[in-house]
Amino acid sequence: MLIPLTLLAGLIIVSSAGAQIPEQVFKSDSWIDPEKKGEFLVEIDNISFFKNNEYEGKIMKGYTLPGFWLQAKAVYYPLQNIKVEAGIYGLRYWGADRYPNYGYQDIADWKSNKYQRGWHVLPYFRAQVALSDHVNIILGDLYGGANHHLIEPLYSPELNLTADPEMGLQLLYNSSPVDLDIWVDWQSFIFNNDTHQESFIVGLSSQVKFNSPESAWHVYMPVQGIAQHRGGEINDKESLIHTSSVQTFMNGAVGAGLVWNANRGVLKKMELKVDLAGYYQQAGELWPWKKGTGFYTRVAADIQDFRVKTSYWICDEFVSVLGSPFYGAVSTKEEQMVFDKPKMVYVGVEYSRTFAKGFAMGIDVDVYHHLSMNAYSPHKTGKVGSATSFATGVYLRINPSFLIKKY
């Protein structure tokens, strides 16, 4: 933890106005520039990362992620409003030589049990058309991860490092009053008589803007939801590798946000967000409850290139489909252990800086403090004491493009 803090102190000397890590480092630009019509380019996209999680308590185990992901692709703009990308995606952890075929954190019953050697490698293809200044349709590899702007109880930012690119269909709508992102991420395809389940995620992320984001005081309302379905009609249900049950899990959130664009000296912005989150198990019996709720409130301040943030989370029988287990009531460390109304206080600081278009870095330090709570399992029941966990990360995004020819 000392090294990242020292780096943060040193980097303030060379800081320039910036934003937060999801926006500057993890997010990808989805806008088609009409001036690029006829251009054929080669593009490299990479995030190198070193993430260390020192977790305490009964909720989840700690681990370290040293590695990078890399996309190498050809990009072509045949028309002013069409963009086509094709190439290859690879994920590499230093010291690893075997990778599951699927990279989401939930490598569980419904997924194939096949492995790759050396790298985790996938083909990459994206076809995008801008139907107007406001509407984009994407087929193939989607603008996923941080581009969805999901809150942390619904989506762990760590998946920007470790998850497979989302693949399927996406609709983007952006205007002055509302931003809308609707997508289908097809995670597991099945052929006739396959012995694993089909799985896909349907997601919606929208933000209603009551005034301009550049106003001194900006007010907005986010509405978000994801649903994961596991099943299939043409697989061999009697020979499934793990489970034959149909499973459907849902998370949603609705909230309100207030932004003060201060721009006073080193203080750039302050933000207050409040969200009511929900969980629903429509089909299946993977989790012990059918439904649950959570309440999430956080405050952040942008000071030069730094963001200082704090939040409070409390939930009741809540399970997150793609979020960190820290935002749920189920332990992934102790088998069949669940918690009664867990409460967590979070404090963090992050540094992010863009050097040029396509080149950015971020450093963050996170502290999670779980208050004492009652825990239940078939083996033991009783109070679990409070626990403080730490996480640090360093990230570098390199995304250069090289013009080969303009037709």
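Let me begin by describing the structure that accompanies this report. (Residues numbered from 1 in each chain as written. Predicted model: local features only at pLDDT ≥ 70, side-chain atom pairs only at ≥ 80, totals over all residues. Heavy atoms only, no water.)

1. What about the sheet that holds strand β19 (residues 373-376)?
- Across the sheet, which stays open at both edges, the three strands sit in the order β16-β19-β20 with antiparallel pairing between neighbours. The open sheet has two edge strands, β16 (338-340) and β20 (381-384), and neither has a second partner. For this sheet, the mean inter-axis angle between neighbouring strands, taken without regard to orientation, is 35°.
- Direction of pairing for β19 relative to β20: antiparallel, over a ladder of four bridges. Within β20, the residue paired with Ala375 across the bridge is Gly382. (Pairing = 2+ DSSP bridges. Helix = DSSP H or I, 4+ residues; strand = E, 2+ residues; numbered from the N terminus. Axes fitted to C-alpha atoms, helices over the stretch in contact; angles between N-to-C directions.)

2. Remarks on the packing of aromatic side chains
- Inspection of the entire model under this criterion finds 18 aromatic pairs.
- Ring geometry for Phe68 versus Trp119: centroids 5.3 Å apart, planes at 80°, classification edge-to-face. Note that Phe68 is positioned in strand β2 (residues 63-79) and Trp119 in the loop between β5 (115-117) and β6 (120-130), a separation of 51 residues in sequence.
- What makes Trp119 partly exposed here is its relative accessible area of 32%.
- Ring geometry for Tyr93 and Tyr99: centres 6.1 Å apart, planes at 20°, overall stacked.
- Residue classification places Tyr93 among the buried residues on the basis of a relative accessible area of 18%.
- On the accessibility criterion, Tyr99 (3% relative accessible area) is buried.
- Within the aromatic cluster, the residues linked to one another by ring pairs are Tyr55, Tyr63, Phe326, Tyr346 and Tyr368.
- Above the plane of the ring of Tyr115 lies Arg98, whose end atom (NZ or CZ) is 3.8 Å from the centre.
- The cationic tip of Arg126 hangs over the ring face of Tyr143; the distance from NZ or CZ to the ring centre is 3.8 Å. (Phe/Tyr/Trp six-rings, centres within 6.5 Å; stacked < 30°, edge-to-face > 60°. Buried < 20%, exposed > 50% of the residue type's maximum accessible area, 1.4 Å probe, protein only. Lys NZ or Arg CZ within 6 Å of the ring centre and 35° of its normal.)

3. So, unusual backbone geometry
- Located in the positive-phi region is Asn263, a residue other than glycine, with phi close to 50°.
- Mapped onto the secondary structure, Asn263 falls in the loop between β12 (247-260) and β13 (267-283).

4. Digging into the side chain of Asp364
- Checked against the element boundaries, Asp364 lands in strand β18 (residues 359-370).
- In this structure Asp364 is buried but unpaired, with Lys309 as the nearest side chain of opposite charge at 5.6 Å.
- Among the polar contacts made by the side chain of Asp364, one reaches the side chain of Tyr395 at a distance of 3.1 Å.
- Discounting residues that sit within four places of it in the chain, Asp364 has contacts with Ile21, Val349, Glu350, Ala391, Thr392, Gly393 and Tyr395. (Lys, Arg positive; Asp, Glu negative; His and termini not counted. Salt bridge = Lys/Arg side-chain N within 4 Å of Asp/Glu carboxyl O. Polar contact = N/O pair within 3.5 Å; in protein donor to acceptor, adjacent residues only side chain to side chain. Contact = heavy atoms within 4.5 Å.)

5. Re the environment of Val135
- Within the secondary structure layout, Val135 lies in strand β7 (residues 135-141).
- Val135 sits 40 residues away from Ser175 along the chain, and the two C-alpha atoms are 9.0 Å apart.
- If sequence neighbours within four positions are ignored, Val135 has contacts with Val129, Ala130, Leu171, Leu172 and Tyr173.

6. Regarding a nonpolar patch on the surface
- A grouping of Phe210, Trp217, Val219, Leu258, Met270, Leu272 and Val299 is seen on the molecular surface, where their side chains present a nonpolar patch of about 610 Å² in accessible area.
- Sorting the residues of the nonpolar patch by element identifies β11 (217-231) and β13 as the ones contributing at least two each.
- Accessibility expressed as a relative area gives 49% for Trp217, which makes it partly exposed. (Patch = residues over 30% accessible without salt bridge, like charges linked within 9 Å, V, L, I, M, F, W, Y side chains within 5 Å. Areas by Shrake-Rupley, 256 points an atom, 1.4 Å probe, with all protein chains shown as cover.)

7. Concerning the nonpolar core
- Core analysis: the biggest nonpolar cluster contains 42 residues, and Ile226, Trp289, Trp313, Leu322, Phe326, Tyr327 and Tyr368 have the highest contact counts within it.
- Secondary-structure elements contributing two or more residues to this core are β12, β13, β15 (306-316), β16, β17 (343-356) and β19.
- Once residues lying within four places of it in the same chain are set aside, the contact partners of Tyr368 are Phe326, Tyr327, Met344, Val345, Tyr346, Ala387, Thr388, Ser389 and Ala391.
- Judged by nonpolar contacts, the second largest core, of 16 residues, contains Val25, Ile47, Trp69 and Ala360. (Core = buried A, V, L, I, M, F, W, Y, C linked by side-chain atoms within 4.5 Å.)

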